Amino acid sequence: MSKPYFLFGETPKPSSSQIIDDATKKQIEMEEMIRGLHSPLTVQRSLCQLARETNDENLAPMLWSSFGVITVLLQEIISIYQVFASSKFSHTQTTRICQVLTLVKCLLSHPCTMEKVISAHIPFYIFPLMKNESNEKQYDLVKLSALGVVADMAKTDNKGAINYLIDNDVTPYILKCMENGSKMSKLISTYIMSKLLSHTECLENYCAFADRLFSVLTTLHNMVGQLHVDEEPSKDLLKFVINCYEKLSEHYRARDALRNDFPLILIQSYLARFIYGDPVLEPSWRRCCANMRLVRHQPDANKMAQELAMALGARRPYR
């Protein structure tokens, strides 16, 4: 007769049928949560429960294939516009819209649903949530959640996601957050800009139009000024700003524009102590400086310089 397992200090292993039963039970519970999105009485509880399950790889396909779920999520986003523009934005509303954005982020992070969500133009409805200039906690939490969705799209190698961000003018929203957002909003939005500039298509798009290039350079210039006067500048923010300059310096048009507005203040002030000796910042800064010393004559460089001068004179930022 075999002795009980607990006499040997061993833990019994679940049988294959038990594992299957647990997986089935989990799926049934998630289906119940998803059905709860259709009822005004249970939608808030379902959003809260589903937002906690975003690590489950089955959630995104289940959300997309479930009838009416995407419509519910869009209605939740659109319904918050009017409230978001007012001064009456409660903690409950903040939590609810952040949970909705968490589910959208889950859909965009899954390889099976990303392209479908982009084709449905769902990210377009999230962009206005980054526009509010208030840095109060409730508004900033929503802004950070929206920026998180865009950041997930920007850091991917999916060309469809990058082209979508370019074609649908996400840039004005990002630049506004970079210059006027809270510390965390500035950090995430500048990270997004550095990721966008690392893609050739995006860099070409910015450099193809003088007003767009001017807006990006103006925002970066203002951020350098803010870092210079900040008593405790963010090293991560400085890293992303330098990354942006490095990527811009790789394009001859941006390089021509930077010759008159190169941020030498970064090494002529106390900010230099953050750069020199840093294994990430110093190489990036040196690559940027090396690119600026390269002179490449392009046939339309003079034309671009004239267009940029007109934009600088007219002060027409791309916003």
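In this text, all values refer to a predicted model and were calculated from it rather than measured experimentally.

**Brief notes about the packing of helix H10 (residues 183-197) against helix H13 (residues 235-248)**
Next, step 1: Remark: H10 packs on H13, axes separated minimally by 9 Å, with the N-to-C direction vectors making an angle of 25 degrees. Considered as vectors, H10 and H13 are oriented roughly parallel to each other. Where H10 crosses over H13, the two elements pack in a sense that is left-handed. Here H10 contributes Lys 186, Leu 187, Thr 190, Tyr 191, Met 193, Ser 194 and Leu 197 to the contact with H13, which in turn contributes Asp 236, Leu 237, Phe 240, Val 241, Asn 243, Cys 244, Lys 247 and Leu 248.

**Details of the nonpolar core**
Next, step 1: Counting 95 residues, the largest nonpolar core has Leu 129, Met 130, Ile 174, Ile 192, Leu 196 and Leu 248 as its most contacted members.
Next, step 2: Residue contributions to this core peak at ten residues, all from helix H7 (residues 137-154).
Next, step 3: Setting aside chain neighbours within four positions, we find Ile 192 in contact with Leu 147, Val 150, Ala 151, Ala 154 and Ile 174.

**Some points on the packing of aromatic side chains**
Next, step 1: A full pass over the atoms with the stated rule returns five aromatic pairs.
Next, step 2: A centroid spacing of 6.3 Å and a plane angle of 85 degrees characterise the contact between Phe 124 and Tyr 125, whose relative ring orientation is edge-to-face.
Next, step 3: Phe 124 gets classed as partly exposed once you look at its relative accessible area, which sits at 44%.
Next, step 4: A residue is classified by how much of its surface remains accessible, and Tyr 125, at 29% relative accessible area, is partly exposed.
Next, step 5: With 6.2 Å between their ring centres and 65 degrees between their planes, Phe 124 and Phe 127 make a pair best called edge-to-face.
Next, step 6: Accessibility expressed as a relative area gives 1% for Phe 127, which makes it buried.
Next, step 7: Following the ring pairs from residue to residue traces out a cluster consisting of Phe 124, Tyr 125, Phe 127 and Tyr 173.
Next, step 8: The ring centre of Phe 209 lies 4.5 Å from the NZ or CZ of Arg 212, which sits over that ring.

**Focus: helix H8 (residues 159-167)**
Next, step 1: Those residues of H8 that fall on the buried side of the exposure criterion are Ala 161, Ile 162, Tyr 164, Leu 165 and Ile 166.
Next, step 2: The inward-facing, buried residues of H8 abut helix H6 (114-119), H7, H10 and helix H11 (200-208).
Next, step 3: Its side-chain oxygen 2.8 Å from the backbone nitrogen of Gly 160, Asn 158 forms the N-cap of H8.
Next, step 4: Once H8 finishes, Asp 169 follows within two positions and takes phi at roughly 55 degrees, a positive value.

**A look at the environment of Leu 213**
Next, step 1: Tracing the sequence through the fold places Leu 213 in helix H12 (residues 210-229).
Next, step 2: Here Leu 213 falls in the buried class, since its relative accessible area comes to 0%.
Next, step 3: Separated by 44 residues in sequence, Leu 213 and Ala 257 have C-alpha atoms that sit 8.6 Å apart.

**Here's the deal with the confidence of the model for the protein**
Next, step 1: Per-residue confidence for the protein averages 84 on the pLDDT scale, and 85% of its residues sit at or above 70.
Next, step 2: Per-element averaging of pLDDT across the protein places helix H17 (residues 301-314) at the bottom with 46 and H10 at the top with 96.
Next, step 3: Contacts from residues 5-9, a stretch scored under 50 in pLDDT, to residues over four places away or in other chains number three contacts.
Next, step 4: Here residues 294-302 is modelled with pLDDT under 50, and outside its nearest four sequence neighbours on either side it reaches eight contacts, counting other chains as well.

How each quantity is defined
- Residues numbered from 1 in each chain as written.
- Predicted model: local features only at pLDDT ≥ 70, side-chain atom pairs only at ≥ 80, totals over all residues.
- Heavy atoms only, no water.
- Axes fitted to C-alpha atoms, helices over the stretch in contact; angles between N-to-C directions.
- Helix = DSSP H or I, 4+ residues; strand = E, 2+ residues; numbered from the N terminus.
- Parallel < 35°, antiparallel > 145°, perpendicular 65-115°, else oblique.
- Left-handed = near helix turned anticlockwise from the far one by under 90°.
- Contact = heavy atoms within 4.5 Å.
- Core = buried A, V, L, I, M, F, W, Y, C linked by side-chain atoms within 4.5 Å.
- Buried < 20%, exposed > 50% of the residue type's maximum accessible area, 1.4 Å probe, protein only.
- Phe/Tyr/Trp six-rings, centres within 6.5 Å; stacked < 30°, edge-to-face > 60°.
- Lys NZ or Arg CZ within 6 Å of the ring centre and 35° of its normal.
- Polar contact = N/O pair within 3.5 Å; in protein donor to acceptor, adjacent residues only side chain to side chain.
- pLDDT = per-residue confidence, 0-100.

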